[in-house]
Amino acid sequence: MDPTQLLKGVLDLAVLAVLRDEDGYGYDILRRLRSAGLEDVGDASVYGTLRRLFNGGLLNSYVVPSDEGPHRKYYALNEAGRAELQRSGKVWHGFASIMEDLLRERGKA
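Everything in this summary refers to the structure shown in the same document. In this text the structure is predicted, and so the values were computed from the model without any measurement.

Helix and strand content of the protein: 4 helices and 3 strands. In sequence order, the secondary structure elements of the protein are arranged as α-β-α-α-β-β-α. On C-alpha atoms alone, the protein measures out to a radius of gyration of 17 Å, which is more than a quarter above the 13 Å that the 2.2 N^0.38 rule sets for 109 residues. Referenced to the eigenvectors of the C-alpha coordinate spread, the extents of the protein come out at roughly 70 × 30 × 20 Å. Going through the 109 residues of the protein one by one, you find that 31% of them count as buried. Summarising the internal contacts of the protein: among those between residues at least 6 apart in sequence, 45% fall at separations of at least 24. For the protein, the accessible surface area stands at approximately 7,700 Å², while carbon and sulfur atoms represent 54% of it.

A ring pair, where both rings are aromatic, is described by two values, the distance of the centres and the angle of the planes. Under the definition given, this model contains 4 aromatic pairs. Ring centres of Y25 and Y74 lie 5.3 Å apart, and the angle between their planes is 70 degrees; on these two criteria the pair is classed as edge-to-face. On the criterion of sequence distance, the pair formed by Y25 in strand β1 (residues 24-25) and Y74 in strand β3 (residues 72-77) is long-range, its members being 49 residues apart. Pairing F54 with Y75 gives two aromatic rings, centres 6.5 Å apart and planes at 75 degrees, and the pair type is edge-to-face. Linking F54 in helix α3 (residues 43-55) with Y75 in strand β3, this pair joins segments that are 21 residues apart in sequence. Through pairs of rings, three or more aromatic residues link up here, namely Y25, Y62 and Y74.

Angle between the axes and distance between the axes: these two values describe a pair of packed helices. Contact pair helix α2 (residues 26-35) / α3: the axes reach a minimum separation of 10 Å and the direction vectors enclose 120 degrees. In terms of axis orientation, α2 runs oblique to α3. Handedness of the α2/α3 crossing: right-handed. In this structure, α2 uses G26, Y27, I29, L30, L33 and R34 to contact α3, whose residues at the interface are D43, V46, Y47 and L50. Split by residue class, the contact of α2 with α3 holds 7 nonpolar, 1 polar and 2 charged.

With that out of the way, let us pick up the sheet that holds β3. Pairing in this open sheet of 3 strands is antiparallel, and the strands run β1-β3-β2 from one edge to the other. Two strands close off the open sheet at either side, each with one partner strand: β1 and β2 (59-64). Direction of pairing for β1 relative to β3: antiparallel, over a ladder of 2 bridges. Looking at β3, one finds that G24 is bridged to Y75.

Here is what the cut-offs are and how they apply
- Residues numbered from 1 in each chain as written.
- Predicted model: local features only at pLDDT ≥ 70, side-chain atom pairs only at ≥ 80, totals over all residues.
- Heavy atoms only, no water.
- Helix = DSSP H or I, 4+ residues; strand = E, 2+ residues; numbered from the N terminus.
- Rg over C-alpha atoms; globule rule 2.2 N^0.38 Å.
- Buried < 20%, exposed > 50% of the residue type's maximum accessible area, 1.4 Å probe, protein only.
- Contact = heavy atoms within 4.5 Å.
- Areas by Shrake-Rupley, 256 points an atom, 1.4 Å probe, with all protein chains shown as cover.
- Phe/Tyr/Trp six-rings, centres within 6.5 Å; stacked < 30°, edge-to-face > 60°.
- Axes fitted to C-alpha atoms, helices over the stretch in contact; angles between N-to-C directions.
- Parallel < 35°, antiparallel > 145°, perpendicular 65-115°, else oblique.
- Left-handed = near helix turned anticlockwise from the far one by under 90°.
- Nonpolar A, V, L, I, M, F, W, Y, C, P; charged D, E, K, R; others polar.
- Pairing = 2+ DSSP bridges.

Laid out in structure tokens, this is it:
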């Protein structure tokens, strides 16, 4: 099974989850995803996801000046994003539970 295919289906949820407790800019979000175990996530995928979630009304953004280079665009969950995180989290947990049941080894009768 190709983990990158699985990642495509859950990247929106993963990005919303890493923004739940702390705002972040693109590279910071990418770093957090990778340090959480999603090493295969690509830069372009994360930046595209941030744009899509922002355009979909799930994120707010603001710019923070930087003394060491270009200004950074930060993203933050808004109320719609928090609601989507909760809804999608329930869907994920239901799906994961079904897969666990399917994959669990069953004793032979």
